Amino acid sequence: MLWIRMELPCWCLLLLSCLQSLSAHNDFFTSIGQMTDLLYTEKDLVTSLKDYIKAEESKLEQVKRWADKLDSLTATATQDPEGFLGHPVNAFKLMKRLNTEWGNLESLVLSDTTDGFISNLTIQRQHFPTDEDQTGAAKALLRLQDTYRLDANTISTGNLPGVKHKSHMTVEDCYELGKIAYSEVDYYHTELWMAQALKQLDDGEESTLDKVTVLDYLSYAIYQQGEIERALEYTKRLLELDPEHQRAKGNLKYFEFQLEKQKKAADAETEKQKEQGTTNTTEKKKVKKRSPKTFSLIPERKKYEMLCRGEGIRMTPRRQSRLFCRYYDSNRNPKYVLGPVKQQDEWDRPYIVRYLDIISDAEMERIKQLAKPRLRRATVHDPQTGKLTTAQYRVSKSAWLTGYDDPMIDTINQRIEDLTGLEMDTAEELQIANYGVGGQYEPHFDFGRKDEPDAFKELGTGNRIATWLFYGVHTSNICLFFFCAFQGTAVFWYNLFASGEGDYSTRHAACPVLVGNKWVSNKWIHERGQEWRRPCGLSEAE
């Protein structure tokens, strides 16, 4: 099932309870649900910091009052020292001030009001995000930028469609993003974000960063992409700001040498062609020409990104005419004879059905409450080792729930069994997943392929015959196959043909979350126990 507080078309005093919740967590960037705890941690630290500031201000106010009083007193006393001290009370008070009161002032100034704040910060810091979290969140922004074709300025100004809490990126934020890309040898994104940092500096934004530092990264990133002429332009601009920049001076000479070398090579090639009386114009045209067949072979990654942008395959009117909606009583199941559910055909190949209004808001919220403290980094099966491992192509956290956690889970499992007609005793536990910053699950199969014979061996229940997936989105935000999710619905499909062979048309994905907090729940149903419920077919594709 899936819940989103913000949505986007097509698939961001010491509390012991908070610390206990955070202590078991890592990889914060992989779960927006658990990142919310960090907001309360930061709020607590701000409160602690304000208490420290008040204490410091109170201390300084006492010192200021003391200084003002003595300033006036000493100004009067030093005009006639002997006459002033001729008064026995003044002489006594001078002795008292220097012997006692200045000592008290020293103690006041030396008193440490930072203890409460520092101890709080030290304890909380144990549960802060790590460098891995910061890098993971940065990579997520870059992933969103590529998938949804967003320019750096759109992200920096916070102009994302559907946002409720708009947030701007500072020069330092853009620079940090560019630096992380640079450390990953990703010069394409280094250029985009260093250029954005430079733009904001040129527009007059105040920053502790200077243009020289940004230009240094920018020119090098552009050079690494083979654009020496542009790299030279930025290097010259850098030297205008800092004529003594040693690296830039060296780069200037090198870039000029490379450009001259390229020019000589181009001139020599032109001269050679003139001598031969021919040009390579025709050859160039031939190289650029692509056959329709080659053009149509779009890589899966590109298809995935197109689908996420809503540019996926559209069903023809003829195919659409074969899809129907109906009130479904699951073969006259007593629970649904008088109150049938709404079912509609979603796709024909593979055959996928959607159930509408199949889960309530209260059930969704309860499941989320149960799952949140149990969330751990989602894993995938390693085809080489057959073991579970984390992967960059699945950015989320998941938890598993049973009837022992809450009787409501048994109710939901029974609902799935009643509507699918399949045995749930051999199915996997109900999995709840919460996606993180730019959370995604790239194209994959739910079933074990022939090259993964041990994928579910430890379960002893056979392959995953079918998948049931609950949604709770307000509008489309997850895309499976060629369609998107809607609130309070569920989809169901068979991963295997009746023969037991895998249906390779069931490859699907979860698009990166651009805006919102996405929760999804699924039930993987296995082969064992289905022998009389879904008899084996006689042909491979039956």
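Conventions used here
- Residues numbered from 1 in each chain as written.
- Predicted model: local features only at pLDDT ≥ 70, side-chain atom pairs only at ≥ 80, totals over all residues.
- Heavy atoms only, no water.
- Helix = DSSP H or I, 4+ residues; strand = E, 2+ residues; numbered from the N terminus.
- Buried < 20%, exposed > 50% of the residue type's maximum accessible area, 1.4 Å probe, protein only.
- Areas by Shrake-Rupley, 256 points an atom, 1.4 Å probe, with all protein chains shown as cover.
- Contact = heavy atoms within 4.5 Å.
- Pairing = 2+ DSSP bridges.
- Axes fitted to C-alpha atoms, helices over the stretch in contact; angles between N-to-C directions.
- Polar contact = N/O pair within 3.5 Å; in protein donor to acceptor, adjacent residues only side chain to side chain.
- Disulfide = S-S within 2.5 Å.
- Phe/Tyr/Trp six-rings, centres within 6.5 Å; stacked < 30°, edge-to-face > 60°.
- Lys NZ or Arg CZ within 6 Å of the ring centre and 35° of its normal.
- pLDDT = per-residue confidence, 0-100.
- Core = buried A, V, L, I, M, F, W, Y, C linked by side-chain atoms within 4.5 Å.
- Salt bridge = Lys/Arg side-chain N within 4 Å of Asp/Glu carboxyl O.

S.K.: Please clarify how the overall build of the protein should be interpreted in this entry.
M.R.: Helix and strand content of the protein: 18 helices and 15 strands. Within the protein, the proportion of its 542 residues that are buried is 44%. Of the roughly 30,600 Å² of accessible surface on the protein, a fraction of 54% belongs to carbon and sulfur atoms.

S.K.: How should I be thinking about the environment of Tyr-52 in this particular structure?
M.R.: By secondary structure assignment, the location of Tyr-52 is in helix α2 (residues 32-77). Separated by 62 residues in the primary sequence, Tyr-52 and Thr-114 have C-alpha atoms spaced 6.2 Å apart. Residue contacts for Tyr-52: discarding those within four places in its chain leaves Thr-113, Thr-114 and Phe-117.

S.K.: Looking at this structure, I do not really get the sheet that holds strand β1 (residues 325-328). What am I missing?
M.R.: In a beta sheet, neighbouring strands pair by backbone hydrogen bonds and run either parallel or antiparallel. Taken in spatial order, the nine strands make up an open sheet running β1-β2-β3-β13-β10-β15-β8-β7-β4, and their pairing is antiparallel. With partners counted over all chains shown, the strands left at the sheet margins are β1 and β4 (376-377), one partner each. Of the strand pairs in this sheet, β4 and strand β7 (residues 396-401) are connected by two bridges, and their pairing is antiparallel. The residue of β7 that forms the bridge with Arg-376 is Ser-398. Strands β7, β8 (430-435) and β15 (519-526) of the sheet are contacted by α2, whose axis makes an angle of about 55° with β8.

S.K.: Before we go on, may I ask you to explain the side chain of Thr-157 in this structure?
M.R.: As for its position among the elements, Thr-157 is in the loop between α7 (152-156) and α8 (171-183). There is a polar contact of 2.9 Å between the side chain of Thr-157 and the side chain of Asn-159.

S.K.: Explanation requested: the side chain of Thr-420 in the structure shown.
M.R.: In this structure, Thr-420 sits in helix α18 (residues 407-420). Among the polar contacts made by the side chain of Thr-420, one reaches the main-chain carbonyl oxygen of Ile-416 at a distance of 2.8 Å. At 3.2 Å, the side chain of Thr-420 forms a polar contact with the backbone nitrogen of Leu-422.

S.K.: Mind showing me how you'd approach the state of the cysteines here?
M.R.: By definition, a disulfide is the covalent link that joins the sulfur atoms of two cysteine residues. Counted according to the given criterion, the structure contains one disulfide. Paired by a disulfide, Cys-308 and Cys-511 hold their sulfur atoms 2.2 Å apart. Disulfide Cys-308-Cys-511: the torsion about the S-S bond is -90°, which places it as left-handed. Taken together, the residues Cys-308 in helix α15 (residues 300-308) and Cys-511 in the loop between β14 (508-510) and β15 connect sequence positions 203 residues apart.

S.K.: Explain the packing of aromatic side chains here, please?
M.R.: The geometry of two aromatic rings is summed up by the distance between their centres and the angle between their planes. Enumeration according to the criterion identifies 19 aromatic pairs in this entry. Ring centres of Tyr-223 and Tyr-254 lie 5.9 Å apart, and the angle between their planes is 85°; on these two criteria the pair is classed as edge-to-face. Of this pair, Tyr-223 sits in helix α10 (residues 211-224) while Tyr-254 sits in helix α12 (residues 246-276), and the two are 31 residues apart along the sequence. According to the relative accessible area criterion, Tyr-223 is partly exposed, its value standing at 21%. Feature note: the residues Tyr-175, Tyr-182, Tyr-187, Tyr-217, Tyr-220, Tyr-223, Tyr-254 and Phe-255 constitute an aromatic cluster, connected by ring pairs. Over the aromatic face of Tyr-435 sits the side chain of Lys-518, whose NZ or CZ is 3.9 Å from the ring centroid. The side chain of Arg-534 reaches across the aromatic face of Tyr-494, ending 3.8 Å from its centre.

S.K.: What is the right way to look at the confidence of the model for the protein in this model?
M.R.: Close inspection of predicted coordinates is inappropriate in any region flagged by low pLDDT. Of all residues in the protein, 84% attain a pLDDT of 70 or more, and the chain-wide mean is 83. Element-level pLDDT for the protein is lowest in helix α1 (residues 16-23), with a mean of 39, against a maximum mean of 97 in α18. Predicted confidence is poor over residues 1-24, with pLDDT under 50, and the contacts of this stretch with residues over four places away or in other chains come to 101 contacts. Counting interchain partners and residues more than four positions distant, the pLDDT-below-50 stretch residues 473-479 has 40 contacts.

S.K.: Sorry if this is basic, but what is going on with the nonpolar core here?
M.R.: When a protein is soluble and globular, its nonpolar side chains tend to lie buried together. Of all hydrophobic cores here, the largest spans 40 residues; its most connected members are Tyr-148, Trp-193, Val-214 and Leu-514. Where this core is concerned, the elements lending two or more residues are α6 (131-147), α7, α8, α9 (187-202), α10, α11 (228-241), α12 and α15. Here this core gets six residues from one element, more than from any other, and that element is α8. Val-353, Leu-375, Ala-399 and Trp-519 belong to the second largest nonpolar core, which has 35 residues in total.

S.K.: Would you explain the pairing of strand β2 (residues 341-347) in this entry?
M.R.: Counting buried positions along β2 gives five out of seven residues, so the element sits mostly inside the fold. Pairing geometry for β1 and β2, over four bridges, is antiparallel. Directly across from Cys-325, in β2, lies its bridge partner Gln-344. The turn linking β2 back onto strand β3 (residues 352-356) is made up of four residues.

S.K.: Mind showing me how you'd approach the pattern of salt bridges here?
M.R.: Pairing is possible between side chains that carry opposite charge, provided their charged atoms lie close to one another. This model, assessed by the stated rule, comprises 32 salt bridges. Here Arg-301 ties to Glu-305 by a salt bridge, and the two come within 3.1 Å at their closest N and O atoms. One end of the pair is Arg-301 and the other is Glu-305, both in helix α15 and four residues apart, which spans about a single turn. For Arg-301, a relative accessible area of 31% translates into the label partly exposed.

S.K.: Quick question: what am I supposed to make of unusual backbone geometry here?
M.R.: The bulk of non-glycine residues show a negative phi, and the bulk of peptide bonds are trans. Omega for the bond connecting Arg-349 with Pro-350 falls within 30 degrees of zero, at 5°, which places this linkage in the cis form. One can find Pro-350 in the loop between β2 and β3. You will see that Arg-332, though not glycine, has its phi angle at about 60°, which is positive. Relative to the helices and strands, Arg-332 resides in the loop between β1 and β2.

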